[in-house]
Amino acid sequence: MNLEAKSVSGTETRYFCDWEAKPLQLRMLKLSFLLITLLISSVAFPVFSADRYRREDFPPGFIFGAGSSAYQVEGAAYEDGRSSSIWDAFAHEGQFLLVILMLLQIQFTIESSLSSTTMADFPSKYTGNEHGDTGDVAIDEYHKYKEDVQIMAQTGIDAYRFSISWSRLIPNGRGPVNPKGLQYYNNLVNELIAHGIQPHALLCNYDHPQALEDEKDFTAYADVCFREFGDRVSHWTTVNEPNVFAIGGYDTGMAPPKRCSPPFVFNCSKGNSSSEPYLAAHHMLLAHASTARLYREKYQAWSLLLNHYRISLYIFRSIPLTNLTADVAANQRAQDFLTGWIADPLMFGDYPSTMKRNVGSRLPEFTNHESKLVKGSFDFIGLIHYNSLYVEDNSVSLKEKNRDFNRDMGVKLYYNLSAYEFEIRPRDLQQILENFKSAYGNPPIYIQENGQRTQRGSSLEDPSRVKYLHAYIGSVLDAIRGYFVWSLWDGLELLDGYESSYGLYYVDLDDPDLKRYPKLSAHWYSHFLKGRGVSLDGIIELEKNLSGVSKDASFSRMIFM
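Before going into details, it helps to say that this report is about the structure given with it. (Residues numbered from 1 in each chain as written. Predicted model: local features only at pLDDT ≥ 70, side-chain atom pairs only at ≥ 80, totals over all residues. Heavy atoms only, no water.)

When the charged atoms of two side chains lie near each other, side chains of opposite charge can form a pair. One pass over the full model with this rule turns up 26 salt bridges. Arg516 is the partner of Asp148 in a salt bridge, and the nearest nitrogen-oxygen pair spans 2.8 Å. Pair noted here: Asp148 is in helix α6 (residues 141-155) and Arg516 is in strand β17 (residues 516-518), with a separation of 368 residues, a long-range link. Each of Arg317, Glu423, Arg425 and Asp428 takes part in a single network of salt bridges with overlapping partners. (Salt bridge = Lys/Arg side-chain N within 4 Å of Asp/Glu carboxyl O. Helix = DSSP H or I, 4+ residues; strand = E, 2+ residues; numbered from the N terminus.)

Following this line, the structure appears as structure tokens:
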């Protein structure tokens, strides 16, 4: 790995990490853009968004919510008939710890290049799996859902985005429905509705049953969900961020089900990084489209609700590293591979021409029937956004005989690694929405995940999250239909288990009761949702109960109008 000082647009110098560099043990990680969600810094940028706003400034019907997913919060992994999912297997193989240690090695390399940092300076908890990073217990929402829904209602959210565990509802992946799993999701949905909260259900989030990889099984599973919950659930998402799932799960091996192959990744026991990412994404698109057709033909006319179905796409703003023609062209390739890979088939019925040219026969083809099935198979598009990156041309990689997704793209991606938290760049989200509108004809959009990463347990006072949410919510006043904070709780995160925090509420994993505590950001979000104006200029004081977590019971500074 090379630590490089790069001039960005000729105005400033920053340190970047180049994943194409040696040694080999670090090259394993060279392009996984899953790492973007972990390593972008929080250097200050100008805020190009509304500074002062109230909830009433948003269009009528605009939905504000918060999200979670089954394996990250439910727990009860071996209770009431639930079977193992691919995420269970991933976690129990110790993959969270492996990823954490690799990230620490990268961070250490960078920080020691800039200062006298030594490995001994890192907290000792990073050398081991402090809480046993699996979802076996997580934050136990399976047993605490009534308490959790009460907290949601007190916060004031319109909607809760949760995922259904296929392994809990249909443990064998196909066949009989598990009565206990069915009862749990019925109870959760009913509890949400009783408190005036819309249930938004996600069908798959990295956690399909261990034995299954077939889109026909997915459609049958979706059929059960629509039949059992469709009289009360009107908002459905089929697959979460299939672009990240395909690359992380089937190329780099940094996400479930950890399929990858040498020479691209060396710590692999199964998979083919050259072909499987494309096959996986292709089948996810077909599974989504088949499910959307099922819903339209069998359930939409039957339901008395106004129904919506969508797929969600991880998206970030990519910026040419320089104004050179080669970097500008590389930036377009990055957009084609990382966004167009999923969005183009949904909008136009086929993959981008750049992908067809670079990937060749390894990229599956849609039949005429499949193309018509996939095209337009949504009511809304869900976008997931946290941060941005810089793109440099690396088209020389296209001359290599053996290539994976990263080499097929022919670019180098640079991430700003100077701090733990994400940069606050709301203008980038605005630009993403403008580009999406221009390229795809202004489809209705929900922001289904957006939030700030901090160190877990560092403090209940999280002003960086407040500033992040304030900036990004203010940037989407007129551009979308709904916004979901990621996440409601501090739960299990995809790449580093319990090491990082995205939640509005802290969950004390050392408390047998797993008590929830509101952070500053929870108070801020609630304050906004209940109609108070918010601004970065005015400050009021709100008392927070820190007993049991902090020695100091104090007032927390809030940022309001």
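After presenting the structure, the write-up continues.
What follows is about the nonpolar core. As a rule of thumb, soluble globular proteins bury nonpolar side chains together. Among the nonpolar cores identified, the biggest contains 142 residues, and Trp236, Tyr483 and Tyr525 are the most heavily contacted of them. Top contributing element to this core by residue count: helix α11 (residues 276-300), with 12 residues. Apart from residues no more than four positions distant in its own chain, Trp236 is found in contact with Ile164, Ala201, Leu203, Cys225, Phe226, Phe229, Gly230, Tyr295, His308, Tyr309 and Arg310. (Core = buried A, V, L, I, M, F, W, Y, C linked by side-chain atoms within 4.5 Å. Buried < 20%, exposed > 50% of the residue type's maximum accessible area, 1.4 Å probe, protein only. Contact = heavy atoms within 4.5 Å.)

As a further point, take the pairing of strand β6 (residues 235-239). β6 sits mainly inside the fold: five of its five residues count as buried. Where strand β5 (residues 198-204) meets β6, four bridges bridge the pair, whose relative direction is parallel. Along β6, the bridge assignment pairs Leu202 with Thr237. Of the strand pairs in this sheet, β6 and strand β7 (residues 308-314) are connected by three bridges, and their pairing is parallel. When the bridges of β7 are listed, His235 appears paired with His308. (Pairing = 2+ DSSP bridges.)

Take Arg465: it is sitting in helix α17 (residues 463-474). For Arg465, a relative accessible area of 1% corresponds to the buried category. Those residues in contact with Arg465 that lie beyond four places of it in its chain are Gln452, Arg453, Thr454, Ser501, Tyr502, Gly503, Leu504, Lys519 and Ser521.

Residues Pro262 and Pro263 are joined by a peptide bond in cis, for which omega reads 5 degrees. With respect to the secondary-structure elements, Pro263 resides in the loop between α10 (242-250) and α11. The residue after Trp486, namely Ser487, is reached through a cis peptide bond having omega 5 degrees. Inspection of the secondary structure assignment puts Ser487 in the loop between β14 (482-485) and β15 (500-501). Notably, Lys258 is not glycine yet its phi reads approximately 60 degrees, a positive angle.

Bringing the pairing of strand β12 (residues 445-449) into the picture now. With five of five residues buried, β12 lies mostly within the body of the structure. In this sheet, β12 lies alongside strand β9 (residues 380-384) in parallel orientation, the contact comprising four bridges. Residue Leu383 lies in a different strand from β12, and its bridge partner there is Ile447.

As a further point, take the packing of aromatic side chains. All chains considered together, the criterion is met by 43 aromatic pairs. Judged by centre distance (6.0 Å) and plane angle (65 degrees), the rings of Phe218 and Tyr221 are edge-to-face. Here Tyr221 and Phe218 lie together in helix α9 (residues 215-229), a separation of three residues that amounts to about one turn. Of the two residues, Phe218 and Tyr221, neither departs from the other in class, the shared state being buried. For the ring pair Phe337 and Phe405, a centre distance of 5.4 Å and an interplane angle of 75 degrees mean the geometry is edge-to-face. Residue Phe337 is located in helix α12 (residues 325-348), and its partner Phe405 is located in helix α15 (residues 405-409); the two are separated by 68 residues in the primary sequence. Taking the relative accessible area as the measure of exposure, Phe337 reaches 0% and is therefore buried. Looking at Phe405, the relative accessible area reads 1%, which means it is buried. Taken together, the ring pairs in this structure connect Tyr53, Phe58, Phe62, Phe64, Trp524, Tyr525 and Phe528 into an aromatic cluster. Across from the ring centre of Tyr420, 3.6 Å away, lies the NZ or CZ of Arg453, which sits over that ring. (Phe/Tyr/Trp six-rings, centres within 6.5 Å; stacked < 30°, edge-to-face > 60°. Lys NZ or Arg CZ within 6 Å of the ring centre and 35° of its normal.)

As a further point, take the environment of Tyr53. With respect to the helices, strands and loops of the structure, Tyr53 is situated in the loop between α2 (36-39) and β3 (63-67). Separated by 475 residues in the primary sequence, Tyr53 and Phe528 have C-alpha atoms spaced 8.9 Å apart. From its side chain, Tyr53 meets the backbone oxygen of His470 in a polar contact 2.7 Å long. (Polar contact = N/O pair within 3.5 Å; in protein donor to acceptor, adjacent residues only side chain to side chain.)

Next up on the list: the side chain of Ser274. On the secondary structure map, Ser274 appears in the loop between α10 and α11. Note on Ser274: relative accessible area 15%, which makes it buried. Setting aside anything within four residues of it in sequence, one finds Ser274 in contact with Phe264, Arg362, Arg403 and Asp404.

Attention now moves to the state of the cysteines. Summed over all chains, the structure comprises one disulfide. Note that Cys260 is cross-linked by a disulfide to Cys268, the S-S spacing being 1.9 Å. Because the torsion about its S-S bond is -110 degrees, the bridge between Cys260 and Cys268 counts as left-handed. Overall, Cys268 belongs to the partly exposed group, its relative accessible area being 21%. (Disulfide = S-S within 2.5 Å.)

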